[in-house]
Amino acid sequence: QVQLVESGGGLVQAGGSLRLSCAASGRPFSSAAMGWFRQAPEKEREVVAHISWSGGRIYYADSVKGRFTISRDNAKNTVYLQMNSLKPEDTAIYYCAAKYYGTIPFPPVTASAWGQGTQVTVSS
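Definitions and limits used
- Residues numbered from 1 in each chain as written.
- Predicted model: local features only at pLDDT ≥ 70, side-chain atom pairs only at ≥ 80, totals over all residues.
- Heavy atoms only, no water.
- Salt bridge = Lys/Arg side-chain N within 4 Å of Asp/Glu carboxyl O.
- Helix = DSSP H or I, 4+ residues; strand = E, 2+ residues; numbered from the N terminus.
- Buried < 20%, exposed > 50% of the residue type's maximum accessible area, 1.4 Å probe, protein only.
- Core = buried A, V, L, I, M, F, W, Y, C linked by side-chain atoms within 4.5 Å.
- Contact = heavy atoms within 4.5 Å.
- Phe/Tyr/Trp six-rings, centres within 6.5 Å; stacked < 30°, edge-to-face > 60°.
- Disulfide = S-S within 2.5 Å.

*Asks:* Explanation requested: the pattern of salt bridges in the structure shown.
*Replies:* Pairing is possible between side chains of opposite charge, provided their charged atoms come close. For the structure on display, the rule yields 4 salt bridges. Among the ionic pairs, arginine 38 bridges to aspartate 90, the shortest N-O distance being 2.9 Å. You can see arginine 38 sitting in strand E4 (residues 32-39) and its partner aspartate 90 sitting in the loop between strand E8 (78-83) and strand E9 (92-100), a full 52 residues away along the chain. An identical accessibility class is assigned to arginine 38 and aspartate 90; each is buried. Each member of the salt-bridge network shares a partner with another, and the members are Arg38, Glu46, Arg67 and Asp90.

Now the structure itself:
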């Protein structure tokens, strides 16, 4: 089983930037597709950005295209989400997830493991 720990969330003004990190341990990280999801109050969990095991394929939700960048460093067992030009509607708990032997994007129900989440709050 892989364990995931997110960090980097916080409070930022609209237009600002944050960088989230997700550190993995346990099961080999390099064979897993990785994804960032987010969940705002009273809303369903939604896909934000996903990256294949090699980093060769990337998917972004339309709402974050051009503003967010997902990347991974398999040597450090870490996946990142660089978030620029943040908007109040980006406010949510952001979760990291892993999926072994699957394609991207993957729905939340198919994830192999989840992190505990990190809060991102964007003030207007």
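Once you've had a look at it, read on.
*Asks:* Which parts of the structure should I look at to understand the nonpolar core?
*Replies:* Taken as a class, soluble globular proteins show a tendency for nonpolar side chains to be buried jointly. Ranked by internal contacts, the top residues of the largest apolar core, which has 31 residues, are Leu4, Met34, Trp36, Val79, Leu81, Met83 and Tyr94. The contacts of tyrosine 94, once residues within four sequence positions are left out, are Glu6, Leu20, Trp36, Phe37, Arg38, Val48, Phe68, Leu81, Met83, Gly117, Thr118 and Val120. Formed by 6 residues, the second largest nonpolar core is a distinct cluster that contains Ala33, Ala97, Ile104 and Phe106.

*Asks:* Teacher, can you tell me more about the environment of valine 120 here?
*Replies:* Its location among the elements puts valine 120 in strand E11 (residues 118-123). Measuring from C-alpha to C-alpha, the distance between valine 120 and threonine 78 comes to 19 Å, with 42 residues separating the pair along the chain. The contact partners of valine 120, leaving out residues within four places of it in the chain, are Gly9, Gly10, Leu18, Leu20, Met83, Asp90, Thr91, Ala92 and Tyr94.

*Asks:* I'm lost on the packing of aromatic side chains in this one. Help?
*Replies:* Any aromatic ring pair is given by two values, namely how distant the centres are and how the planes are angled relative to each other. Applying the stated criterion across every chain yields a total of 4 aromatic pairs. Ring geometry for phenylalanine 37 against tryptophan 114: centres 4.9 Å apart, planes inclined by 55 degrees, an arrangement best described as tilted. One end of the pair, phenylalanine 37, is in strand E4; the other, tryptophan 114, is in strand E10 (residues 113-114), with 77 residues separating them in the sequence. On the accessibility criterion, phenylalanine 37 (0% relative accessible area) is buried.

*Asks:* So what exactly am I meant to see when it comes to the state of the cysteines here?
*Replies:* Where two cysteines share a covalent bond between their sulfur atoms, that bond is called a disulfide. Using the criterion set out here, one finds 1 disulfide in the structure. The side chain of cysteine 22 participates in a disulfide bridge whose partner is cysteine 96; the two sulfur atoms lie 2.1 Å from each other. With the S-S bond torsion at -75 degrees, the cross-link from cysteine 22 to cysteine 96 turns out left-handed. Remark: cysteine 96 occurs in strand E9 and cysteine 22 occurs in strand E3 (residues 18-26); sequence separation between them is 74 residues. When sorted by exposure, cysteine 22 lands in the same class as cysteine 96, which is buried.

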